[in-house]
Amino acid sequence: MTMTRSKIKGAITEAQRFIAKAEAALERINAENERRDTTYQCDHSWGSAETGALRRASLDLTRNLAELRK
């Protein structure tokens, strides 16, 4: 199959959505760290709506990129 304009634009849209979700997840991690005791800072989230949305955006981007490669 060929790389069409619509497939490329779709990949760009999904990549932008992924980046937005990633930034939201990082903001959530920062907010969680602000609420934690300063002696226990970590660089992850224990699961949140933001990280769930990031996982979903990652899946959608992966599928879109696979379609682009066909």
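So, here's what we can say about the structure.

Cut-offs applied
Residues numbered from 1 in each chain as written. Predicted model: local features only at pLDDT ≥ 70, side-chain atom pairs only at ≥ 80, totals over all residues. Heavy atoms only, no water. Helix = DSSP H or I, 4+ residues; strand = E, 2+ residues; numbered from the N terminus. Rg over C-alpha atoms; globule rule 2.2 N^0.38 Å. Buried < 20%, exposed > 50% of the residue type's maximum accessible area, 1.4 Å probe, protein only. Contact = heavy atoms within 4.5 Å. Areas by Shrake-Rupley, 256 points an atom, 1.4 Å probe, with all protein chains shown as cover. Lys, Arg positive; Asp, Glu negative; His and termini not counted. Charge placed at Lys NZ, Arg CZ, Asp CG, Glu CD. Polar contact = N/O pair within 3.5 Å; in protein donor to acceptor, adjacent residues only side chain to side chain. Salt bridge = Lys/Arg side-chain N within 4 Å of Asp/Glu carboxyl O.

### Brief notes about the overall build of the protein
Of the regular secondary structure elements, the protein holds 2 helices and 0 strands. For a compact globule of 70 residues, the expected C-alpha radius of gyration is about 11 Å, and the protein comes in at 16 Å, more than 25% above that figure. Overall size of the protein, expressed as C-alpha extent along the three principal axes, is 55 × 15 × 15 Å. A total of 70 residues make up the protein; the buried ones form 23% of that total. By sequence separation, contacts in the protein at least 24 residues apart represent 61% of the contacts at least 6 residues apart. Element-wise, carbon and sulfur atoms account for 57% of the exposed surface of the protein, whose accessible area totals about 5,300 Å². When the 13 basic and 10 acidic side-chain charges of the protein are each reduced to a single mean position, those positions are 11 Å apart.

### Points about the side chain of Thr-51
Inspection of the secondary structure assignment puts Thr-51 in helix H2 (residues 49–69). Relative accessible area serves as the criterion here: at 12%, Thr-51 is assigned to the buried category. At 3.0 Å, the side chain of Thr-51 forms a polar contact with the backbone nitrogen of Ser-48. Setting aside residues up to four positions removed in sequence, Thr-51 forms contacts with Ala-25 and Ser-45.

### Observations regarding the pattern of salt bridges
Taken as a whole and judged by the stated rule, the model has 6 salt bridges. Of the charged contacts, one joins Lys-70 and Glu-67 as a salt bridge, the two residues approaching to 3.4 Å between their closest N and O atoms. Because the salt bridges share partners, they merge into one network encompassing Glu-14, Arg-17, Arg-56 and Asp-60.

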